[in-house]
Amino acid sequence: MGVKSIRDLYIKGKRVLFRFDFNVPLDAAGAIKDDTRIRRALPTLEYAVQQGARCVLASHLGRPKGERKAELSLRPVAKRLAELLGRPVGFVDDCIGDAVKDAVASLPDGGVLLLENLRFHAGETKNDPAFAAELASVADVYVNDAFGTAHRAHASTVGVAELLREKAAGLLLKEELENLEKAFANPQKPVVALFGGAKVSDKLGVLQNIVSRMDAVLIGGGMANTFLKAHGLNTGTSKTEDDMLGTASSMLEASRKSGCSVVLPKDVVVAEKIEEGAVSLVVDARAIPDGLMALDIGPQAVDEFAAVIVTAGTIIWNGPMGVFEVEEFSRGTLEIARVVAEARGFSVVGGGDTVRAVQQAGVAEKISYISTGGGAFMEFMEGKILPGVAALDV
Ligand code: AMP
């Protein structure tokens, strides 16, 4: 792929427009709950500052839908970024217009300026050409380091890239692409994918693309219930997607033909309701009692999944094995996180919930690569070209 790295560009004294992913979770009082996304942007930013670039930073935060919403201002991010960077970070309360032009004009070499939330303007998500031109007008160079939004063709990810000749990926985006390519394009075999989460329908594209390329696919979480039902089993009151039963059956059929073994949980943890303190029990997945729902994989399933994971050369994981937010149904996910962390294979984990589960299990450090992408990670696995990456290809 012909995507340059920021290291390939001469940026000293140049006005560089950076697209970062500062879409951080905020608490009710507006404080940053988790600054991981800001920290992941630091290597690129520190490099640019050190090179003497004039750094103009853009990001979105939440979904203000084209309206200015005080609670979705990036101002707290500027403050946190300044603390982490150990140098001042200017802030303008818009991302286009005269105030931005003035602030950029007085930015010294190595200076850092954060613009207000891109999505306060409807032109951002519509990839409006006039909005993109306004953004591009304050920059000589464009650097995209926001893997989390690379699957979106927005003004700040695609429109601007088409207007600026000098462009590159930041260090995080490069790292994401290198690691995901290592897991997908040229993986160490056997390759094992681990899928969970709520629904089959959300992950259908990925499952269909991946089955022929994997040696084994382990399915847990809510989506396993639809597969169990497709086998003709009783799933009690478990959440299933009945319109997906045919698709699930044909996927199982396709996997048999391609030599990929799809493993479903042998046992599951069931309860009447999803709530803390609920009475739960482990049952055979072929005998889920009426009136109960499967909310986690059972100990036998954990052992069986673990036996496959430990033999893998590459492990790709998206989606929790159960309702891990509730203690009673978290064991399967947390144990699998530990197994993935201890496995000898190259492990890649993506998706907000899965990353949280890995952190909750205290094993994040031992995962080979944790992607910052949720949707982008899934679309990459689907084999789709990410528009934000394609726009950097020269
Ligand atoms: P996803 O965003 O598709 O990866 O789904 C994550 C969500 O799936 C988490 O909030 C889990 O609580 C939920 N989930 C996992 N397993 C189950 C299950 N067996 N039944 C219902 N929800 C589940």
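To start, this report covers the structure provided alongside it. (Residues numbered from 1 in each chain as written. Predicted model: local features only at pLDDT ≥ 70, side-chain atom pairs only at ≥ 80, totals over all residues. Heavy atoms only, no water.)

Of all the positions in helix H7 (residues 204–211), only Leu204, Val206, Leu207, Ile210 and Val211 are classed as buried. The arc that holds every buried residue of H7, seen down its axis, measures 160 degrees, which confines them to one face. In this fold, the buried residues of H7 make contact with helix H6 (171–184), strand E7 (191–195), strand E8 (216–219), helix H8 (221–230), helix H9 (245–258) and helix H13 (375–381). (Buried < 20%, exposed > 50% of the residue type's maximum accessible area, 1.4 Å probe, protein only. Helix = DSSP H or I, 4+ residues; strand = E, 2+ residues; numbered from the N terminus. Arc of directions from axis to C-beta. Contact = heavy atoms within 4.5 Å.)

With that settled, consider the site of the ligand. As a matter of local geometry, the ligand sits amid 14 residues, with Ala198, Lys203, Gly222, Ala294 and Glu325 nearest to it. Measuring from a nitrogen atom of the ligand, one finds a backbone N or O atom of alanine 294 at 3.0 Å. Here the ligand has 510 Å² of accessible area as a free molecule, and 81% of this is covered by the chains. Elements that contribute at least two residues to the shell around the ligand include exactly H8 and strand E12 (293–297). Counting residues per element, the shell around the ligand draws most heavily on H8, at three residues. Residues belonging to the shell around the ligand are distributed by class as follows: five nonpolar, six polar and three charged. (Near = heavy atom within 4 Å. Polar contact = N/O pair within 3.5 Å; in protein donor to acceptor, adjacent residues only side chain to side chain. Areas by Shrake-Rupley, 256 points an atom, 1.4 Å probe, with all protein chains shown as cover. Nonpolar A, V, L, I, M, F, W, Y, C, P; charged D, E, K, R; others polar.)

Attention now moves to the environment of aspartate 128. Structurally, the position occupied by aspartate 128 is in the loop between strand E4 (112–115) and helix H4 (129–136). A relative accessible area of 29% places aspartate 128 in the partly exposed class. Spatially, the C-alpha atom of aspartate 128 lies 7.5 Å from that of glycine 159, the residues being 31 residues apart in sequence. Apart from the residues within four sequence positions on either side, aspartate 128 is in contact with Gly123 and Ala155. At 3.0 Å, the side chain of aspartate 128 forms a polar contact with the backbone nitrogen of phenylalanine 131.

Taken in spatial order, the three strands line up as E11-E10-E12 in an open sheet, and their pairing is antiparallel. Looking at strand neighbours, the two that pair on one side only are strand E11 (280–284) and E12, the edges of this open sheet. Adjacent strand axes in the sheet meet at a mean angle of 45 degrees when their direction is disregarded. Across five bridges, the pairing between strand E10 (residues 267–271) and E11 is antiparallel. Note that in E11 the partner of alanine 271 across the bridge is serine 280. Contacting E10, E11 and E12, helix H10 (residues 299–309) crosses the sheet at an angle of about 40 degrees to E12. (Pairing = 2+ DSSP bridges. Axes fitted to C-alpha atoms, helices over the stretch in contact; angles between N-to-C directions.)

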